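Residue-level listing of the chains:
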Number of protein chains: 2
Amino acid sequence: MSGNSKGYIDSIERIVVDLIEKTGLKRKNIKTICIGIPGALNPHTGVVSLAPNLGLRNFNIKEKLRKRIALNVLIENDVNLGALGAYKFGEAKKSKNMLAVFIGTGIGGGIIIDGKIYRGSNYSAGEIGHVIVDKNGPVCGCGKNGCFETLASRAAIVKNILSDLKNKKKSVLNKLVLNNKQIKSRILAAAVQSKDSLVIKHISNACDTIGLVLANATNVMNFDMIVLGGGLIEALDYFMLPVIKESFKMYAFKDASKKIKIIANDLGDDVALYGGIALAEEFLKIQI
Amino acid sequence: MSGNSKGYIDSIERIVVDLIEKTGLKRKNIKTICIGIPGALNPHTGVVSLAPNLGLRNFNIKEKLRKRIALNVLIENDVNLGALGAYKFGEAKKSKNMLAVFIGTGIGGGIIIDGKIYRGSNYSAGEIGHVIVDKNGPVCGCGKNGCFETLASRAAIVKNILSDLKNKKKSVLNKLVLNNKQIKSRILAAAVQSKDSLVIKHISNACDTIGLVLANATNVMNFDMIVLGGGLIEALDYFMLPVIKESFKMYAFKDASKKIKIIANDLGDDVALYGGIALAEEFLKIQI
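A brief report on the enclosed structure follows. (Residues numbered from 1 in each chain as written. Chains lettered and ligands numbered in written order. Predicted model: local features only at pLDDT ≥ 70, side-chain atom pairs only at ≥ 80, totals over all residues. Heavy atoms only, no water.)

## Side note on the overall build of chain A
- Within chain A, the secondary structure is distributed over 11 helices and 10 strands.
- A compact globule built from 288 residues would reach a C-alpha radius of gyration of about 19 Å, and chain A, at 20 Å, matches this within 12%.
- The principal-axis extent of the C-alpha atoms belonging to chain A is close to 60 × 50 × 35 Å.
- Summed over all atoms, the accessible surface of chain A reaches about 13,600 Å², with 52% contributed by carbon and sulfur.
- Distance between charge centres in chain A, computed from 40 positive and 25 negative side chains, equals 2 Å. (Helix = DSSP H or I, 4+ residues; strand = E, 2+ residues; numbered from the N terminus. Rg over C-alpha atoms; globule rule 2.2 N^0.38 Å. Areas by Shrake-Rupley, 256 points an atom, 1.4 Å probe, with all protein chains shown as cover. Lys, Arg positive; Asp, Glu negative; His and termini not counted. Charge placed at Lys NZ, Arg CZ, Asp CG, Glu CD.)

## Some details on the state of the cysteines
Residue and element names in this part refer to chain B.
- If you walk through the whole model with that rule in mind, you get zero disulfides over all chains.
- For cysteine 207, which is in no disulfide, the shortest distance to another cysteine sulfur is to cysteine 147 and amounts to 19 Å.
- The exposure class of cysteine 207 is buried, given its relative accessible area of 0%. (Disulfide = S-S within 2.5 Å. Buried < 20%, exposed > 50% of the residue type's maximum accessible area, 1.4 Å probe, protein only.)

## Topic: the relation of the copies chain B and chain A
- Superposition record for chain B on chain A: RMSD 0.0 Å, screw rotation 180°, translation along axis 0.0 Å. Such values leave the two copies arranged in the relation of a two-fold axis.
- Taken together, the interface assignments show that 100% of the residues at the interface of chain B recur at the interface of chain A, consistent with an identical surface on both copies. (Least-squares fit on C-alpha atoms with pLDDT ≥ 70 in both. Contact = heavy atoms within 4.5 Å.)

## As for helix α2 (residues 61-69) of chain B
Residue and element names in this part refer to chain B.
- What α2 keeps buried is the set Ile61, Lys62, Leu65 and Ile69. Along α2, the residues classed as buried sweep out an arc of 85° about the axis, all on the same side.
- Measuring from the side-chain oxygen of the N-cap residue of α2 to the backbone nitrogen of lysine 62 gives 3.3 Å; that N-cap residue is asparagine 60.
- Alanine 70 sits one or two positions beyond α2 and adopts a positive phi of about 55°. (Arc of directions from axis to C-beta. Polar contact = N/O pair within 3.5 Å; in protein donor to acceptor, adjacent residues only side chain to side chain.)

## Topic: the packing of helix α5 (residues 154-166) of chain B against helix α8 (residues 197-221) of chain B
All names here are of chain B.
- At a closest axis distance of 10 Å, the pairing of α5 and α8 adopts a crossing angle of 145°. Judged by the twist between their axes, the crossing of α5 over α8 is right-handed. Every residue of α8 that contacts α5 at Ile157, Asn160, Ile161, Asp164 and Leu165 is listed here: Leu198, Val199, Lys201, His202, Ile203 and Ala206.
- Grouping the constituent residues of the contact of α5 with α8 by class yields seven nonpolar, two polar and two charged. (Axes fitted to C-alpha atoms, helices over the stretch in contact; angles between N-to-C directions. Left-handed = near helix turned anticlockwise from the far one by under 90°. Nonpolar A, V, L, I, M, F, W, Y, C, P; charged D, E, K, R; others polar.)

## Points about the pattern of salt bridges
- Tallied over the entire structure, the rule returns 16 salt bridges over all chains.
- In this structure, arginine 68 of chain B and glutamate 13 of chain B form a salt bridge, with 2.6 Å as the shortest nitrogen-oxygen distance. Pair noted here: arginine 68 of chain B is in helix α2 and glutamate 13 of chain B is in helix α1 (residues 3-23), with a separation of 55 residues, a long-range link.
- Overall, arginine 68 of chain B belongs to the partly exposed group, its relative accessible area being 29%.
- With relative accessibility at 22%, the residue glutamate 13 of chain B sits in the partly exposed group.
- If you follow the salt bridges from partner to partner, you end up with Lys6, Asp10, Glu13 and Arg68 of chain A in one network. (Salt bridge = Lys/Arg side-chain N within 4 Å of Asp/Glu carboxyl O.)

## Here's the deal with the interface of chain B and chain A
- In this complex, chain B contributes 37 residues to the contact, which on the side of chain A involves 38 residues.
- Regarding the contact of chain B and chain A, the summed buried area is about 3,300 Å², with carbon and sulfur atoms giving 57% of it.
- Counting across the interface, chain B meets chain A through two salt bridges.
- Those elements giving two or more residues to the side of chain B that touches chain A turn out to be β7 (107-113), α8, α9 (231-251) and α10 (254-257) of chain B.
- The greatest single-element share of the side of chain B that touches chain A, amounting to six residues, is contributed by α8 of chain B.
- By residue class, the composition of the side of chain B that touches chain A is 19 nonpolar, 10 polar and eight charged. (Buried area = accessible area lost by both parts, 1.4 Å probe.)

## Some details on the sheet that holds strand β9 (residues 225-229) of chain B
All names here are of chain B.
- Pairing within the open sheet is mixed, and its five strands lie in the order β8-β7-β6-β9-β10. Edge positions in the sheet fall to β8 (116-117) and β10 (261-264), since each has one partner strand and no second.
- Here six bridges tie strand β6 (residues 98-103) to β7, and the two strands are oriented antiparallel to one another. Paired with valine 101 across the bridge in β7 is glycine 109. (Pairing = 2+ DSSP bridges.)

## Considerations on the sheet that holds strand β9 (residues 225-229) of chain A
Residues and elements named next belong to chain A.
- One open sheet holds the five strands; their spatial order is β8-β7-β6-β9-β10, and the pairing between them is mixed. Sheet topology places β8 (116-117) and β10 (261-264) at the edges, where each strand pairs with a single neighbour.
- Helix α3 (residues 78-89) contacts β6 (98-103), β7 (107-113), β8 and β9 of the sheet and is inclined by roughly 50° relative to β7.
- Each of β6, β7 and β9 is contacted by helix α8 (residues 197-221), which is oriented at about 160° to β6, the strand it contacts most.

Written as structure tokens, this is what we have:
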């Protein structure tokens, strides 16, 4: 076990032990532990093939952790868990074929088909953040150019705003940037609230791109619902959703999109926790 | 029944009666008639909601035809039938999640998920020809701009070639166009064979776009196989497939595409006929 993976297992163990102590739960009443992981993994074997932000590669979390905590362990990609949570416990439970897109630093997607999480041929479905929108666009972390997340993530919006500020464009953010403060979703929301035209322009451009990518995915997959979540959407859904829907309508093929609903995630950050319940139901064949 | 729909039912009836007569088949041995239809339809109810090229709208073919020929009738979208045929009887039978794309005058797609045809939320899945590649691109028949089929169908390639010929660009096609001969896939193939640089340029551009759209679909859906068919691919697969694969590799997200195979349909025009067999198996729960 490399340093990173040992540290990861150590902290999960600590969290579990702490939680059991604090809540006074009895071990025999704990059916399973569910972990959402930002990376590529196989939920059946419990092996994470790659999770760059956790420093994990080809690592069997399920096995290692079960030995430490003597409890059943389930793992799933964090975005898939979010999609599952939205589908089973949120507004989206009325849908059949659903796409969930979470917009934050990057952009991730999860897919429900016929009421079940769709994981794809090698557990890599839903990489909508790496759909190429402009092949001559900005370089992405994945090495390609013009991926969706290089144009419409919070990181992309902030990058474009900072570039305009360097070119002496006016904005209420000027002061914040001078103070080197990080521009988070909440700050962008405040700027929109105060009708800052620079911020509104860049967020509107992102919404146009979001509408285009959602329309293209729907043209192929004929989804009946799209759930949007993540920090940016949660802070700005009242502003972004109408612009995204307008753009979607412009780019969507009529037949494939006439019955679709586009909604904001109504479970906030907890959506992935709810996904954990649904995952346990799927894998343990129990109703919680 | 409008004039068009009556004419359509009349011709299908005539074909069926003729075929029974010529083959000497006994009616009691005919399990069903399967019809592939270029349009939006519900295979369960037998209602075609819209098939512009046949002049049909909200028309129950299954019911009307059954009354005439006293045989069971199944209908399916023609591209879905092609995808089914490729999946059940072609090279693609080894796959689990497959995309079939047929490139001709337009571009149509069919999707297999977990070994079954995926029809979407209102039977409109697979409209990959209307994925928008360039929102400032040429106007499409659907009213939008820059749809995949306005850039990479045979019709689009021919349009671009004709426009270059009008601008006095050199090509072996010059003589053919002067004679007002229609440029079909076979003629394009002959031009490529004779190393005509104008035709090669436009077909290569189309292949780049095809690779991009296939990569984007795979980034989202993590398919394990893509089958390419239609007149253009059948005439030019030896030239187009390597260019498409090269482009796909450039645009695909590594994780979502590492196990994918891209192949040419090996059943030719018969692929939809084979799809009819698979459709009968699905709906009648029989093994043929």
